[in-house]
Amino acid sequence: MEGVERERRNRYTTVSIPVPLYERIKSLIAGTGFTSVSQFVTYVLRDIVSEMEKQKVQDAVSEEERKEIVEKLRRLGYL
Amino acid sequence: MAAPPHGGRLVNRVARGARAERLAGEANDVPTIELSEVQAYDVANIAHGVYSPLEGFLTENDYVSVLKEGRLSNDLPWTIPVVLDVEQPLARELLGSDVALSLNGVRFAIMNIEDAYVWDKKEMAAKVFGTADPSHPGVQLVMSSKGQVLVGGKVEQFVELPEPFERYRLWPKETRVLFEQLGWRTIAAFQTRNAPHMGHEYIMKSALSFVDGLLINPLVGWKKPGDFRDEAIVTAYEALLNNYFPRQSYVFSVLRMPMRYAGPREAVHHAIVRKNFGATHMIVGRDHAGVEGFYGPYDAWKEFEKYPDLGITPLFLREAFYCSKCGGIVNEKICPHDESYRVRISGTEIRKALLRGEVPPPTMMRPEVARVLLSMRDKLFV
């Protein structure tokens, strides 16, 4: 049991939200597939965070490499 | 615009020019691990960004997290462990050092062994495949691994591995440039391990109706006995695409990655991989990546509900069949007629017909496809 609790502490942390919001979510998720407010909040945050992370994408291809790739794609008949 | 790579950055662990030469020299001075074909092409897929954000084989933290949560330890969705097993004494000896990785005696990559940990093959099978049943082909593949220990750490490839279908091998950075050049903003990926039948054509064209283009991306490499051989798949697709698809509507390229038959988890894995190729949508059909009744027909669809942050949109397409009353290929959502009008497109029936040397009915397979398959009748199946 102690091991399970320790693992839980390592994997999860606490975030505060207003109690009324907590109650709203609790009633909103009743009867849905979500089994807890934490599960719902995690789901929603993952959705939002992944959208925000899209803004930070790095381009891996240099101009020179792009030219080489375009040449290869032409040679293979893709372009 | 192509989908951003998984994790925000397309991994590139391929050394070129002087660096490749230096690594090749270093590889001669360090111990070598000889890899299986499956493991070697995993290295190539890591190095070329197919498995972004992975930069190497999983370390223990990530491995445990993938098994338990279907996510890497940094919370990114990741459902199939990409691991390297070795013998225990070797792992102890190599921990913390660089090793060369070879295939058929040819050194092609360097790996830094950051971590070594004992694995429980049965536990892995149960978590990934939902079963440890030894008749499951993916479970068999895992249980046949000889090493008692998994080693994790970054890889860097300095020699390209051979690809019999070189003409059709495209890496993620290449498909991304290609989609940009073609002006495609929405791309639906189609994963397959089969020669195409009418049902496949129907779901690809259904998806194509509302995206800019298709990425048709069959898996080549390890498959279970009885599956179509790689040559048969590629040749059959050439016949289908040349005759029935507008040339500017698709990109056809092969991906050398083992089929694991892990059903729901593998469906998500297939989506992540195609996201790295730039696909914005992933076609997920009936019993995606399933095998012989181990998974429910639409279990894979449910699996996607766990991942709001996947970054690629699944296109759930129902099983297609021929309806004689509708006069075409349809699915149960759009066909009101009963079973007496319906002809199921059966892979088993198609295989049997081909083995008898017969062209399967045109309601199941295009005659042009059937003819090329019949011409290679003795080499059709694994």
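Please refer to the structure placed before this passage.
Each value, and the rule that gives it
Residues numbered from 1 in each chain as written. Chains lettered and ligands numbered in written order. Predicted model: local features only at pLDDT ≥ 70, side-chain atom pairs only at ≥ 80, totals over all residues. Heavy atoms only, no water. Helix = DSSP H or I, 4+ residues; strand = E, 2+ residues; numbered from the N terminus. Contact = heavy atoms within 4.5 Å. Buried < 20%, exposed > 50% of the residue type's maximum accessible area, 1.4 Å probe, protein only. Pairing = 2+ DSSP bridges. Core = buried A, V, L, I, M, F, W, Y, C linked by side-chain atoms within 4.5 Å. Domains from an automatic or database assignment. Axes fitted to C-alpha atoms, helices over the stretch in contact; angles between N-to-C directions. Patch = residues over 30% accessible without salt bridge, like charges linked within 9 Å, V, L, I, M, F, W, Y side chains within 5 Å. Areas by Shrake-Rupley, 256 points an atom, 1.4 Å probe, with all protein chains shown as cover. Salt bridge = Lys/Arg side-chain N within 4 Å of Asp/Glu carboxyl O. Arc of directions from axis to C-beta. Buried area = accessible area lost by both parts, 1.4 Å probe. Polar contact = N/O pair within 3.5 Å; in protein donor to acceptor, adjacent residues only side chain to side chain. Parallel < 35°, antiparallel > 145°, perpendicular 65-115°, else oblique. Left-handed = near helix turned anticlockwise from the far one by under 90°. Nonpolar A, V, L, I, M, F, W, Y, C, P; charged D, E, K, R; others polar.

A look at the side chain of lysine 72 of chain A
Considering the arrangement of structural elements, one finds lysine 72 of chain A in helix α4 (residues 63–76). Sequence-distant contacts of lysine 72 of chain A, defined by excluding residues within four places in its chain, comprise Arg169 and Glu174 of chain B.

Some thoughts on the pairing of strand β4 (residues 98–103) of chain B
Residues and elements named next belong to chain B. For β4, a buried count of 5 out of 6 residues is recorded, marking the element as mostly surrounded by other parts of the structure. As defined by bridge partners, strand β1 (residues 32–34) adjoins β4 across 3 bridges and the pair is classed as parallel. When the sheet's bridge partners are listed, threonine 32 is paired in β4 with alanine 100. As judged from the 6 bridges shared by β4 and strand β5 (residues 106–112), these two strands associate in the antiparallel manner. The residue bridging aspartate 98 from the neighbouring strand is asparagine 112, located in β5. The turn linking β4 back onto β5 is made up of 2 residues, and asparagine 104 within it adopts a positive phi angle of 50 degrees.

What to know about helix α8 (residues 198–208) of chain B
With 10 of 11 residues buried, α8 of chain B lies mostly within the body of the structure. Taken together, the buried positions of α8 of chain B are occupied by Met198, Gly199, His200, Glu201, Tyr202, Ile203, Met204, Ser206, Ala207 and Leu208 of chain B.

What about the nonpolar core?
As a rule of thumb, soluble globular proteins bury nonpolar side chains together. Residues and elements named next belong to chain B. Membership of the largest hydrophobic core comes to 130 residues, with the highest contact counts inside it found for Leu101, Leu214 and Leu373. Looking at this core, the element that brings in the most residues is helix α9 (residues 230–244), giving 8 residues. Two domains share this core, each providing at least three of its residues, namely domain 1 (17–157) and domain 2 (166–379). The contact partners of leucine 214, leaving out residues within four places of it in the chain, are Trp184, Ile187, Ala188, Met204, Ala207, Leu208, Phe245, Ser249, Tyr250, Val251 and Ile283. One finds Ala15, Ala20, Ala27 and Ile110 within the second-largest nonpolar core, a separate group that totals 7 residues.

Notes on the sheet that holds strand β15 (residues 328–331) of chain B
Residues and elements named next belong to chain B. Taken in spatial order, the 3 strands line up as β15-β14-β16 in an open sheet, and their pairing is antiparallel. Here the strands that pair on one side only, and so sit at the sheet edges, are β15 and β16 (342–344). The mean inter-strand angle of the sheet, taken between neighbouring strand axes irrespective of direction, is 45 degrees. Examined bridge by bridge, strand β14 (residues 320–323) and β16 share 3 bridges and lie antiparallel to one another. Considered in β16, the bridge of tyrosine 322 is made with valine 343. Along the sheet, α8 contacts β14 and β15; its crossing angle with β15, the most-contacted strand, is approximately 70 degrees.

Brief notes about a nonpolar patch on the surface
A cluster of nonpolar side chains, contributed by Val15, Ile17, Leu21 and Tyr22 of chain A, occupies part of the molecular surface with about 340 Å² of accessible area. Residue position: leucine 21 of chain A is located in helix α2 (residues 19–29).

Here's the deal with helix α13 (residues 367–375) of chain B
Residues and elements named next belong to chain B. Residues of α13 that are buried: Val369, Ala370, Leu373 and Leu374. Each buried residue of α13 sits inside an arc of 130 degrees when the element is viewed along its axis, so together they form one side. As for α13, its buried residues are in contact with α9 and α12 (347–355).

Some remarks on the interface of chain B and chain A
With 28 residues of chain B in contact, the opposing surface of chain A contributes 23 residues. Carbon and sulfur atoms supply 55% of the area that chain B and chain A bury against each other, a total of about 2400 Å² over both sides. Interface area lost by chain B to chain A is led by Arg167, Val177 and Pro308 of chain B, which between them contribute 21%. Ionic pairing is found between aspartate 75 of chain B and arginine 46 of chain A, a salt bridge with its closest N-O pair at 2.5 Å. In this assembly, chain B and chain A are joined by 7 residue pairs in polar contact (both at pLDDT 80 or more).

Observations concerning the packing of α9 of chain B against α13 of chain B
All names here are of chain B. Closest axis-to-axis distance for the α9/α13 pair is 8 Å, and the angle between their directions is 150 degrees. It follows that α9 is roughly antiparallel to α13 by the angle criterion. The handedness of the crossing between α9 and α13 is right-handed. Residue-level inspection shows Ala232, Thr235, Ala236, Ala239, Leu240, Asn243 and Tyr244 of α9 in contact with α13, the latter providing Glu368, Val369, Val372 and Leu373. For the contact of α9 with α13, a count of residues per class yields 8 nonpolar, 2 polar and 1 charged.

Digging into the pattern of salt bridges
Once the charged atoms of two side chains with opposite charge are near each other, the side chains can pair. For the structure shown, the criterion picks out 29 salt bridges over all chains. Each member of the salt-bridge network shares a partner with another, and the members are Arg286, Glu319, Glu339, Arg342 and Arg344 of chain B.

Comments concerning the environment of valine 14 of chain B
Checked against the element boundaries, valine 14 of chain B lands in the segment before α1 (17–27). Valine 14 of chain B sits 62 residues away from leucine 76 of chain B along the chain, and the two C-alpha atoms are 23 Å apart.

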